[in-house]
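Coordinates in review
Each chain, letter by letter, is given below.
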Protein chains: 2
Amino acid sequence: MCLPGTIESVRAQTDERQGVTRRAAVLGAAGAALVASLPAGARAARTASQRIADLTHTFRAGFPVYTFAPPSRRTLVTIPGGGFYAQEWTFGEHSGTHMDAPGHFVAGGRLSPEITPAELVLPLVVVDIAARASADPDTTLVVDDLIRFERRHGRIPKGALVAMDSGWSAKAADPLAFKGGAAGDYHFPGFSREAALWLVQERDVAAIGVDTLSLDPGDSTTFDVHVDFLATDRYGLEGLANLDRVPPRGAAAYVGLIPWEEGSGGPCRVLATW
Amino acid sequence: MCLPGTIESVRAQTDERQGVTRRAAVLGAAGAALVASLPAGARAARTASQRIADLTHTFRAGFPVYTFAPPSRRTLVTIPGGGFYAQEWTFGEHSGTHMDAPGHFVAGGRLSPEITPAELVLPLVVVDIAARASADPDTTLVVDDLIRFERRHGRIPKGALVAMDSGWSAKAADPLAFKGGAAGDYHFPGFSREAALWLVQERDVAAIGVDTLSLDPGDSTTFDVHVDFLATDRYGLEGLANLDRVPPRGAAAYVGLIPWEEGSGGPCRVLATW
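Residues numbered from 1 in each chain as written. Chains lettered and ligands numbered in written order. Predicted model: local features only at pLDDT ≥ 70, side-chain atom pairs only at ≥ 80, totals over all residues.

What to know about the overall build of chain A
Cut-off, in case you're wondering: For the purposes of this entry, the term helix denotes a DSSP run of H or I that reaches at least four residues, the term strand denotes a run of E that reaches at least two, and both are numbered from the N terminus. A residue is called partly exposed when the number of other C-beta atoms within 10 Å of its own lies between 12 and 20, exposed at 12 or fewer, and buried at 20 or more, with C-beta atoms placed from the backbone. In this description, a residue-residue contact is defined by the distance between C-beta atoms placed from the backbone, which must lie within 7 Å.
Secondary structure summary: chain A contains 7 helices and 14 strands in total. Within chain A, the fraction of its 274 residues that count as buried is 54%. Considering only contacts in chain A between residues 6 or more positions apart, those separated by 24 or more positions represent 70%.

And the structure:
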């Protein structure tokens, strides 16, 4: 098959995740000719009937972490040097947008490969406490927030992922702001133990999630939510992004956890569709 | 909230991905009491109306790679030692079940964070060439395979992920068998350049995938599919698993690529639902 073409094409694309317009692929001549030959609108039409949001931060070197070293990367090979491009990564499992599996805090608890596919595709509920959190970084999501949510939006479905939107994901670019203080003096919102266990006992949810560094509030020293919620054999998600872009109820979440061998959780791609 | 309970519970679970029965979470007393209090069948009922398959290999230390060192991991902290458990990982981006982004082979091509969410949720098509591949490890998926597929299963939809099932994922436990030889003499199936470009020009697919180490067949020295398919600004998936468990057409694929900063692709969790 002959692929003639001598032009190069620079396509301006919108990076949906970051919401910024960026200059994208400078295609080779053959590729540009192929792309130019496509019917107009063909690529954009793929998901015309479905809304998608990305609840994931870019996994980047230096992303703020609760403890241990932040992620790092190095270039292994470049196209000019070796004909292709690839990087190497080193990071702790609790970096970026990631899962806490039960075994992160529970001896003998399930590890990353044991979280079943059925647990990774689930109804999404987003509880907004951003207004209160902007005035008080030590606030928690409490049972009253859940009751008020249900009065307005209806019952939280069984098997849901219930995510706290505290507005914190906007701070992720600044480690000190995201942590709300230096190590040992963190201040950011989290779930109260009572709310997390109410969701288990009264609504049988599958998972909880936060847009901060920890399921527990930053000033916790006892990690009650980690200890007691994960002990119910459910998982938590930390470092979620863009929760303000999805409806409070009605979306489905896809939790793309890499099945890290013997993993305590680990980085995952979380998408929402509705 | 008081969580009484003195028993410990050992739950036997089926690991859906590996198809083996394993002993799972030994829950703490409080967690066991909570789980025991759930309505019977509540947890299993979550996805009763939907089939799910996991197209992802466990991301493990030593998983066979085309080049560079295989993934490695070390324990950072243990529950007895530090109150929680976590690992650290080091690996090249082309390890395990992973994506090749356009920028892997195309200078200026899009990188991992630039693959849009809309490109990660797409129709899945599986083309089975396993019978031929079992007799000839150097075989390729050719245009005739696609034409035969369409005669039997209908037209390949625009925007699809078209995956080659060569039966190779069963060999992943044995690096020599998976590679089909020592470095420099690999033998495993792949896409022919003509078939990959037919899918672009005639069907406007979004992506192709393989259950082997490379989009190109193992004996390729020119990497035509990498060069010419990625140059069309589309992505490839390598190291897919369990393709024989999904229908040839009609499933949706969710490609949970971690948005690795400046990534050439990288590990992703791929699920299929139908």
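So that's the structure; there's more coming.
Details of the pairing of strand β5 (residues 86–92) of chain B
Using the following cut-off: One requirement defines pairing of two strands: DSSP has to find at least two bridges between them.
Counting buried residues in β5 of chain B gives 5 out of 7 residues, a clear majority hidden from the surface. By the bridge criterion, 5 bridges tie strand β5 (residues 86–92) of chain A to β5 of chain B in an arrangement that is antiparallel. The residue bridging Gly92 of chain A from the neighbouring strand is Glu88 of chain B, located in β5 of chain B. The pairing of strand β4 (residues 72–77) of chain B with β5 of chain B spans 5 bridges and is classified as antiparallel. By the bridge assignment for β5 of chain B, Val77 of chain B is matched with Ala86 of chain B.

With respect to the sheet that holds β5 of chain A
Short version of the rule: What counts as an axis is a line fitted to C-alpha atoms, over the stretch in contact for a helix, and the angles between N-to-C directions run from 0 to 180 degrees.
Taken together, 4 strands build an open sheet; the order of strands is β4(A)-β5(A)-β5(B)-β4(B) and the sheet is antiparallel. Every interior strand has two partners, whereas the edge strands, β4 (72–77) of chain A together with β4 of chain B, have only one. Pairwise comparison of adjacent strand axes, ignoring direction, gives a mean angle of 20 degrees for this sheet.

Observations regarding the environment of Ala177 of chain B
Residue position: Ala177 of chain B is located in helix α5 (residues 175–179). Residue classification places Ala177 of chain B among the partly exposed positions, given that 15 C-beta atoms sit within 10 Å.

Concerning the pairing of strand β14 (residues 265–273) of chain B
All names here are of chain B. The buried fraction of β14 is high, at 8 of 9 residues. As judged from the 3 bridges shared by strand β3 (residues 52–54) and β14, these two strands associate in the antiparallel manner. Across the sheet, residue Asp54 finds its bridge partner in β14, namely Leu271. Pairing of strand β6 (residues 98–100) with β14 involves 3 bridges; the strand directions are antiparallel. By the bridge assignment, His98 is partnered in β14 with Pro267. Both strand β13 (residues 249–257) and β14 contribute to a ladder of 6 bridges, which runs antiparallel. Residue pairing across strands places Ala253 opposite Ala272, the latter belonging to β14.

Notes on the nonpolar core
Among soluble globular proteins, nonpolar side chains are generally buried collectively. The condition is simple: What we call a nonpolar core is a set of buried Ala, Val, Leu, Ile, Met, Phe, Trp, Tyr and Cys residues whose membership is set by joining through C-beta atoms within 7 Å.
Counting 134 residues, the largest nonpolar core has Leu124 and Val162 of chain A together with Leu124 and Val162 of chain B as its most contacted members. Aside from chain neighbours lying at most four places away, what touches Leu124 of chain B is Ala160, Leu161, Ala163, Val246, Ala251, Ala252, Ala253 and Ala272 of chain B.

Structural notes on the packing of helix α4 (residues 143–153) of chain B against helix α6 (residues 193–201) of chain B
Residue and element names in this part refer to chain B. Filter applied, for reference: Relative orientations are named as follows: roughly parallel for angles under 35 degrees, roughly antiparallel for angles over 145 degrees, roughly perpendicular for angles from 65 to 115 degrees, and oblique for any other angle. Three classes are used, and their members are as follows: Ala, Val, Leu, Ile, Met, Phe, Trp, Tyr, Cys and Pro are nonpolar, Asp, Glu, Lys and Arg are charged, and the others, Gly among them, are polar.
Relative orientation of the contacting elements α4 and α6 amounts to 50 degrees, with a least axis distance of 8 Å. Classified by the angle their axes make, α4 and α6 are oblique. Where α4 abuts α6, its residues Val143, Asp145 and Leu146 lie against Glu194, Ala195, Trp198 and Leu199. Partitioning the contact of α4 with α6 into residue classes produces 5 nonpolar, no polar and 2 charged.

With respect to the confidence of the model for chain A
Parts of the prediction with low pLDDT should not have their coordinates interpreted in detail. All names here are of chain A. Selection criterion: Per-residue confidence from the prediction method is given by pLDDT, with values spanning 0 to 100.
Scored by pLDDT, chain A comes out at a mean of 86, with 82% of its residues at no less than 70. The spread of mean pLDDT over the elements of chain A runs between strand β1 (residues 10–15), the lowest at 28, and strand β11 (residues 207–210), the highest at 99. pLDDT under 50 marks residues 1–47. Its contacts with residues more than four places away, or in other chains, come to 82 contacts.

Structural notes on unusual backbone geometry
Positive phi, close to 50 degrees, is recorded for Asp204 of chain A, a residue that is not glycine. Tracing the backbone through its elements, the reader meets Asp204 of chain A in the loop between α6 (193–201) and β11. A residue is classified by how many C-beta atoms lie within 10 Å of it, and Asp204 of chain A, with 22 of them, is buried. The phi torsion at Phe223 of chain B lies on the positive side, around 55 degrees, for a residue other than glycine. Residue position: Phe223 of chain B is located in the loop between β11 (207–210) and α7 (224–230). Judged by the 17 C-beta atoms lying within 10 Å of it, Phe223 of chain B falls in the partly exposed class.

Side note on the environment of Val143 of chain B
Residues and elements named next belong to chain B. As for its position among the elements, Val143 is in helix α4. Counting along the chain gives 49 residues from Val143 to Ser192, while the straight-line C-alpha distance between them is 8.1 Å. Setting aside chain neighbours within four positions, we find Val143 in contact with Glu194, Ala195 and Trp198.

So, the environment of Thr212 of chain A
Residues and elements named next belong to chain A. On the secondary structure map, Thr212 appears in the loop between β11 and α7 (224–230). Residues Thr212 and Val200 lie 12 residues apart in sequence; the distance between their C-alpha atoms is 21 Å. Not counting the four nearest positions on each side in its chain, Thr212 is found in contact with Ser166, Trp168, Phe188, Pro189, Gly190 and Glu238.

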